[in-house]
Number of protein chains: 4
Amino acid sequence: MVGGGPGAFIGAVHRMAAGLDGQMEIVAGAFSSDAEKSAETGNELHLDPARVYGSWQEMIEAEASRREDRIDFVSIVTPNFLHYPVAKKALEAGFSVVCDKPMTMTVEEAEHLCRLVKTTGNVFALTHNYTGYPMVKQARKLIEDGTLGELRKVVVEYPQGWLSTLVEATGQKQASWRSDPAKAGASSALGDIGTHCENLVHYVTGLEMEEMIADLGTMVEGRALEDDASILIRYKGGARGILYCSQISVGEENNLTIRVYGSEAALHWKQEHPNWLHVKHPDGPEQIYKRGNDYVTEAAADASRIPAGHPEGFIDAFANVYKHAARAMRAQIEGKDGSASEFDYPSVQDGARGIHFIHTAIHSSETRSWVDASYSPPQ
Amino acid sequence: MVGGGPGAFIGAVHRMAAGLDGQMEIVAGAFSSDAEKSAETGNELHLDPARVYGSWQEMIEAEASRREDRIDFVSIVTPNFLHYPVAKKALEAGFSVVCDKPMTMTVEEAEHLCRLVKTTGNVFALTHNYTGYPMVKQARKLIEDGTLGELRKVVVEYPQGWLSTLVEATGQKQASWRSDPAKAGASSALGDIGTHCENLVHYVTGLEMEEMIADLGTMVEGRALEDDASILIRYKGGARGILYCSQISVGEENNLTIRVYGSEAALHWKQEHPNWLHVKHPDGPEQIYKRGNDYVTEAAADASRIPAGHPEGFIDAFANVYKHAARAMRAQIEGKDGSASEFDYPSVQDGARGIHFIHTAIHSSETRSWVDASYSPPQ
Amino acid sequence: MVGGGPGAFIGAVHRMAAGLDGQMEIVAGAFSSDAEKSAETGNELHLDPARVYGSWQEMIEAEASRREDRIDFVSIVTPNFLHYPVAKKALEAGFSVVCDKPMTMTVEEAEHLCRLVKTTGNVFALTHNYTGYPMVKQARKLIEDGTLGELRKVVVEYPQGWLSTLVEATGQKQASWRSDPAKAGASSALGDIGTHCENLVHYVTGLEMEEMIADLGTMVEGRALEDDASILIRYKGGARGILYCSQISVGEENNLTIRVYGSEAALHWKQEHPNWLHVKHPDGPEQIYKRGNDYVTEAAADASRIPAGHPEGFIDAFANVYKHAARAMRAQIEGKDGSASEFDYPSVQDGARGIHFIHTAIHSSETRSWVDASYSPPQ
Amino acid sequence: MVGGGPGAFIGAVHRMAAGLDGQMEIVAGAFSSDAEKSAETGNELHLDPARVYGSWQEMIEAEASRREDRIDFVSIVTPNFLHYPVAKKALEAGFSVVCDKPMTMTVEEAEHLCRLVKTTGNVFALTHNYTGYPMVKQARKLIEDGTLGELRKVVVEYPQGWLSTLVEATGQKQASWRSDPAKAGASSALGDIGTHCENLVHYVTGLEMEEMIADLGTMVEGRALEDDASILIRYKGGARGILYCSQISVGEENNLTIRVYGSEAALHWKQEHPNWLHVKHPDGPEQIYKRGNDYVTEAAADASRIPAGHPEGFIDAFANVYKHAARAMRAQIEGKDGSASEFDYPSVQDGARGIHFIHTAIHSSETRSWVDASYSPPQ
């Protein structure tokens, strides 16, 4: 693991998620750029001190030189600006990678990673963790099966309220780097949560963007990056969309929702009540699909660990990204195809699509005009 | 009453709403342009046949010539294209008017009505009925009182699904005229439900639009008018907004919702569960205000007829528009000021604002650009 | 109308409900035992002062002696102890009756009314208004059609919190008579809301009680009657039940709910969100039936006045009891059978069943034992 | 671990829960009475084959004889009839114990364990996992702080529908032993889920039972044990209660809910939406407390691993029982007091209370009478 030292939130999540099925174990780490802090975290995790490193470069080099028990993959849970250099070096050193989003700072970097994944043959999984929820997989299947008919409208939202005040001025760690262009990149809201929206729509519907117009705002005075974004989208094939993500929607926690309307039926899923999927019909009662029941699709069943009615949550879903990545790595180790076309995990191309989305939205907002949003990442 | 003959939906609603408090009675009507049908409805309503007319012109003239028991006001519940001529003639004949929305076909007509209301001194109430819900009045009061702080984001939605297929081709009465430009005007979705969104935001928040960009779509082939609209809005003072109305959001019934986010708190109201108002705070539990309790504001209390927990619905809210209009008319009859600045009913200026909104959105969508949306109707 | 004078809540509800469809008009009343107050209400209702009476005896006698325009029926909206004498006299005078529940003070009185309704042939409707909700009718139909299979368990609840303190000591009018045995009868909670539970179960499921054990409590010191009741029930045919009604469930408004579990499916309805009916299946998604849609049963459709998604509420449902009673009275006037076996309104037998239920529960609670709860009212 | 072999559900849950915080590791097991199956599970878990045993007796003896790396505690996840013998032997061998509920088959066994825990000084934690949810801890704190005032009414329910048909006849493993008196004990519904209800009430409110009357039913023909129970309860101090648990409430999953009404406020918690706690007030808006926010109490905050709005679920809550047990064991190892009075985990006394509850309810149902339900387990 790179990152996830003292005080970090997402590092602990990655460790719980990776460990949930007992198939992966953390054995080495560069948890902080401060060697002492890195050692502290390593100690808490009962790791062999020899494999707790003071820098990610050191870790990758040292681990690459081990024979028998070298690590299988690197989990990158750092602030955004480090994703690319760490991922690049890890891939080049022959390791698979699980990486937080947004994947890189620029489209060029993203595309370079696409090519590197292809040439190395390593597994690269991006933690668009919301795709790990069973009922998101159910939603995808319903659309794939044509239950919704021709898609017409998609409304995806991710309102949060945690940046309603100038939190970064208080020294809060996560707020500080997320609102710092040097560490977060060109975006705050879009990078952190907007890309989840974009990816969720793509995962569930398969739709590709054609055009967009974005209105980005910095609603809290003194903030360096946007904290609110509203985007209208036209998808290829004629569907229209609204994407709304915000860090200043006060009182909201992680209210990610997706609604998809087709010619035959509609679906509605809420992350804060993730075990239920609502399906609305023009000529019959609304249905609530619930995780863990016999009638759910295979992918949703595979993504569940416990019976219906016992709620699964965020960590369970996050663990599904790791579970699929682990299956892919095992396949790759066994000489088979471990790519995302074979396994159900967010790919390096999904990552590139996200980075392109961020930069397109910024461009649209700056020019105050509809812009071309179509994009095909290097395969 | 003008309109509301056999098979009409909204005419019956107006009659139930107007009669609920036992303060208004229907005594005359031109229910259809077909004299026979008009008589049929008059008969069902136990009206004096002498006061059931074959045309609205005839009705207004005949009633205007009565001395003692002439009608006090005209309810206009016709398709859109008749609102203006009937309202104009009624006002000119000295009657007050309760009129369905959208108020007119053009901005010019709307502004002419504004001036006519001023010069005649009659009451003119537009049935933006959703403002009649007690918890909408509570929402307005919370914002007026500053509970939400400075307003930052407004998301208003009105998805319906009833036009997901080409219903108008089946001869269904309401679908037929609503999708016919000659009878509905330049818009279907915006005129029927988009104006409710626009008005609800204005009523609850007091915000004035500055700019907008709209994306209007006709998602069902063969339809003459738009059936889906997504609009980004910038309000004066810095707040941003999303307005989404749709008649092809399959499976939706009348899912009007409004969310307002301020610097201090947020509120959320849903028309389909209208007795509850959610208020979200950054630093304390979410609150659910419920109609009928001692803690609600005076305007909300005044808008309720029964105790908390016994749900009030659409007709009850609609009746509140009539109740306030009746109070205003009584004031006006008594020689006092019956204008909307004194009483809580949607005014002729609200109507003009709605018509301007429709035409601005169409203009933005056609030019695919941000446009000026500011507007001050004649007072 | 008898009762419903100044300050009364339920009188106004009856008037709004009766008037909603424009088929009934109030023309006479004895609104209070205080002639002045009665006149005051009559005046507010724009009634002919000659038909506003100072006592119900006077009203029934005077109206009975009119020829052409005598009233068709009497609405009884008084405190409980007056239901029986007024109903008896009205029936004997040849009038139909709409009466509030609980129907009488004793089982003997209730059975006498049953016989009187039979011998006079008049219509007698009890305002178990919750049966007027469309989705309650839908629930009944699903069970009648066998969708739930063999019934196994029924859980019905009606928690309120308005008597959490000794409100009657403050002089609040309704609380005062409801907690006064001389006016309310032997029960407060059971009489006011427990009978609604009992009736709702009977209406929806058709189940007949066999045995019960009740635990009645007076949880607020100083109160003369019970304010909380929990009852276990065994129904004929093997189903079991729980009935919980309470006036001290603080924070609750009118949270009447019914859940019915069968061998094949279950249903769940909540009065506070009355437009939805949840149906749960062992092997498929939960369904939400919504009022106003094409797929609902005829009785539910007939009970709706407005389209789906525009909420109907308490008054709309209450009006359905009046609507069915009006149909029955019209039939009876035309010489046809107007009895509750032909029309869908709560009957005098339902009333007797409710009174028997109250007294059986009191008996069980006093003896702290299971008691026979079977009962067949006189037909 | 004892139990949790191939096909077992709860064993895997215990392992995920125990491992979530990276503080406990499974190192030995007797996963099945079939040595081959035990080995199979051991292999899947990557355990040292030498520490995978063919019987629990063998395991306890072998582990007790190890010096340096002997296990710290035994997790008992077997069918009910084995809980007692395994727990007894483990405690006697000097191990702490985490045990599934119901704790034993008889009250005598339960009380023997109470004494054994006292004399050995070992930690004994019962997995009443629902007490691990943060908002359950919040509920407890609100009551402890007096927010609800004097408690008056408690309604606790746990309806499930999975035994709506004679599943045990199909060979389904869990249904088979749960409905077999030799393996499950004297009860099915009460033992499996009724004890969770009883414990949840005790944990949240601190109330002690005084009397009860129970109605147990076997609603599915051919079943050996009860599958439905309704119980009325009187608590010491005057509060009344309803407890309803059922395995034949078709369509229900794990719909455990608790409602507590006091003189000042009420609370409502649902296991299927566990991150929210509703608090109702007589004179102010309803509140929704949400996990992960700054305003929650210390115990709730300590029970959370991720920020608000990212749902935690069943495993997260289950892990909290293990977390507290681990803290207690660590204290005990360090020579401090590891008892449940110092740490927040369900104790051996809670277990005894549950067993007494089961047998009291059976006795009440058999005698069809109110019975004494008071009980003080050996401390």
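All of these numbers come straight from a predicted model, not from anything done at the bench. Sequence positions are assigned chain by chain, starting from 1 and proceeding in written order. In the order they appear in the text, chains get letters beginning with A and ligands get numbers beginning with 1. Under the rules for a predicted model, residues below a pLDDT of 70 receive no local features and side-chain atom pairs below 80 are neither given nor counted, while totals for whole chains, interfaces and linings still include all residues.

Caption draft 1: Representation of the sheet that holds strand β1 (residues 73–76) of chain D. All names here are of chain D. For two strands to pair, DSSP has to find at least two bridges joining them. A run of H or I in DSSP counts as a helix once it spans at least four residues, and a run of E counts as a strand once it spans at least two, with each numbered from the N terminus. Spatial ordering of the open sheet is given by β1-β2-β3, a layout of 3 strands whose pairing is parallel. This sheet does not close on itself; its edge strands, each paired only once, are β1 and β3 (124–126). Averaged over neighbouring strand pairs, the angle between their axes works out to 10 degrees when direction is ignored. Bridge count between strand β2 (residues 96–99) and β3: 3 bridges; the pairing is parallel. Note on β3: the bridge partner recorded for Cys99 is Leu126. Axes here mean lines fitted to C-alpha atoms, for a helix over just the part in contact, with angles spanning 0 to 180 degrees between N-to-C directions.

Caption draft 2: Spotlight on unusual backbone geometry. Looking along the chain, the bond that leaves B:Lys101 and enters B:Pro102 is cis, with omega of -5 degrees. Relative to the helices and strands, B:Pro102 resides in the loop between β2 (96–99) and α5 (107–120). With a phi close to 50 degrees, A:Arg368 is a non-glycine residue in the positive phi region. When you line up the elements, A:Arg368 lands in the loop between α12 (348–367) and β12 (371–372). As a rule, residues whose C-beta atom has 12 or fewer other C-beta atoms within 10 Å are exposed, those with 20 or more are buried, and those in between are partly exposed; C-beta atoms are placed from the backbone. Its 13 C-beta neighbours within 10 Å are what place A:Arg368 among the partly exposed residues. Of note in this structure, C:His46 is not a glycine but carries a positive phi near 60 degrees. Among the structural elements, C:His46 can be located in the loop between α2 (35–44) and α3 (56–65).

Caption draft 3: Spotlight on helix α2 (residues 35–44) of chain A. All names here are of chain A. For α2, the full list of buried residues reads Ser38, Thr41 and Gly42. Buried residues of α2 fall within an arc of 105 degrees about the axis and therefore sit on the same side. Summarising the geometry of α2, the exposed residues directed more than 90 degrees from the buried face are Glu36 and Asn43. With its phi angle positive at about 60 degrees, His46 sits one or two positions after the end of α2. Taken from the helix axis, the directions to the C-beta atoms give the arc we talk about.

Caption draft 4: The interface of chain B and chain D, seen in detail. C-beta atoms are placed from the backbone for every residue, and two residues are taken to be in contact when these atoms lie within 7 Å. On the chain D side, the residues contacting the 10 residues of chain B number 10 residues. The residue inventory of the side of chain B that touches chain D, partitioned by class, reads 4 nonpolar, 2 polar and 4 charged. Two strands pair when backbone bridges link them, and strand β11 (residues 286–290) of chain B and strand β11 (residues 286–290) of chain D are joined in this way by 3 bridges, in the antiparallel orientation. Across the sheet, B:Gln287 pairs through a bridge with D:Gln287, a residue of β11(D). In the scheme used here, Gly and all other residues not listed as nonpolar or charged are polar, with Ala, Val, Leu, Ile, Met, Phe, Trp, Tyr, Cys and Pro taken as nonpolar and Asp, Glu, Lys and Arg as charged.

Caption draft 5: Structural context of the domain arrangement of chain A. Residues and elements named next belong to chain A. As annotated, the domain borders come from an automatic or database domain assignment. Here the domain parsing of chain A yields domain 1 (10–129 + 335–347) and domain 2 (131–309 + 351–372). With centres defined by C-alpha atoms, the gap from domain 1 to domain 2 works out at 25 Å. Opposite the 18 residues of domain 1 that make contact, domain 2 presents 19 residues. Of all the elements, helix α5 (residues 107–120) adds the most residues to the side of domain 1 that touches domain 2, at 4 residues. Here the residues of the side of domain 1 that touches domain 2 are counted per class, giving 10 nonpolar, 5 polar and 3 charged.

Caption draft 6: Fine view of the interface of chain D and chain C. The partner chain C presents 33 residues to the 34 residues of chain D that form the contact. Among the secondary structure elements, those contributing two or more residues to the side of chain D that touches chain C are β4 (151–159), β5 (209–217), β6 (228–235), β7 (240–246) and β8 (257–262) of chain D. The leading source of residues in the side of chain D that touches chain C is β7(D), at 4 residues. Of the residues that constitute the side of chain D that touches chain C, the class distribution is 13 nonpolar, 11 polar and 10 charged.

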